[in-house]
Each structure stands twice: as C-alpha cells, then as structure tokens.
Amino acid sequence: MWDERVVKAMVMVAWDDFGAERWGRDFADKLRQRGITKEMVRQAIGNADAIVLYRYRGLRSVGFWHPRWRLIVVWSPRHLSRWVTAFQKPPDGKSYLMGQDDAELLWERR
C-alpha cells in the first residue's frame, strides 16, 4: 500500500474535483440513470473501504469502493483530472477493482 499522506493528498484533490463538478461529459447522466446520488458519491470518497489505482483502456484511474452502497466511483487523476463513472457492483467491489489491469491497492480500511 502507498504512504497514507500521499493517498490523503490524492483523495483531497479528488474531493475538490467532485465539489467543483470536474466531471466527465456524461458523469451526471450516469449518476441519474443509475440512481446514484451525489451524497452516495461523497460517502464513497470520504468513507471508502478500499482505494485502488488501475489502468482502464490504457489510462490511469482511481476507484473508490464503498460497501454499504455497493458503489464504485472512479476518478481520473491525469491532467485535467475529473470524475468519470460510478456504478454499483456485487458485494466485493474491491476484488473487482483489483482484477483490473495493473491494479494496485493504495489504501484499505482495517
């Protein structure tokens, strides 16, 4: 796992991006279509049980897993950083994220 200070700094940038609505062009539509509220996303960012860095279609992504909501929210840290998707998964979203290309566990609640 990564140094907690580095992960905390990354989470703060992701949190700021969400608050500033730095969202991919269809992020809001995905939330609405999937019945995911902004509060659920905030909970996933602030109370994630696992944070995983991985590659999706060659690009780095950070997935936040929140088990209560069975929710994965995904932030792209590249320039310009932005929120790209959110979706609900079966009970073990951490395993799903760790199964992605070049997955690396950044942080896990213990």
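Whatever comes next refers back to the structure up there.
What counts, and where the lines are drawn
- Residues numbered from 1 in each chain as written.
- Predicted model: local features only at pLDDT ≥ 70, side-chain atom pairs only at ≥ 80, totals over all residues.
- Heavy atoms only, no water.
- Core = buried A, V, L, I, M, F, W, Y, C linked by side-chain atoms within 4.5 Å.
- Buried < 20%, exposed > 50% of the residue type's maximum accessible area, 1.4 Å probe, protein only.
- Helix = DSSP H or I, 4+ residues; strand = E, 2+ residues; numbered from the N terminus.
- Phe/Tyr/Trp six-rings, centres within 6.5 Å; stacked < 30°, edge-to-face > 60°.
- Salt bridge = Lys/Arg side-chain N within 4 Å of Asp/Glu carboxyl O.
- Pairing = 2+ DSSP bridges.

### Focus on the nonpolar core
A general feature of soluble globular proteins is that nonpolar side chains tend to end up buried together. Core analysis: the largest hydrophobic core is formed by 24 residues, its most contacted members being I45, I51, V62, F64, V73 and W83. It is helix 1 (residues 4-19) that contributes the most residues to this core, five residues altogether. Within the second largest apolar cluster, nine residues are counted, among which are V52, W65, F87 and L105.

### Comments concerning the packing of aromatic side chains
If you walk through the whole model with that rule in mind, you get six aromatic pairs. Measuring from ring centre to ring centre gives 6.1 Å for F18 and W83, while their planes differ by 85 degrees; the resulting arrangement is edge-to-face. With a gap of 65 residues between them, F18 in helix 1 and W83 in strand 4 (residues 82-88) connect regions that are remote in the sequence. Here F18 and W83 have matching classes, each one buried. Ring geometry for F64 against W83: centres 5.6 Å apart, planes inclined by 40 degrees, an arrangement best described as tilted. Here F64, found in strand 2 (residues 59-66), pairs with W83, found in strand 4; they are 19 residues apart in sequence, far enough to count as distant. Of the two residues, F64 and W83, both sit in the buried class.

### What about the pattern of salt bridges?
Taken as a whole and judged by the stated rule, the model has nine salt bridges. The salt bridge partner of D29 is R32, with a shortest N-O separation of 2.4 Å. Of this pair, D29 and R32 both sit in helix 2 (residues 27-34), three residues apart, which is roughly one turn of that helix. Relative accessible area serves as the criterion here: at 33%, D29 is assigned to the partly exposed category.

### Thoughts on the pairing of strand 2
The element strand 2 is extensively covered by neighbouring structure, given that six of its eight residues are classed as buried. Sheet topology note: the strand 1 (residues 50-56)/strand 2 ladder contains seven bridges and is antiparallel. If you follow I51 over to strand 2, its bridge partner there is F64. Counted along the chain from strand 1 to the antiparallel partner strand 2, the turn is two residues long, and its residue R57 has a positive phi close to 55 degrees. Pairing of strand 2 with strand 3 (residues 71-76) involves five bridges; the strand directions are antiparallel.

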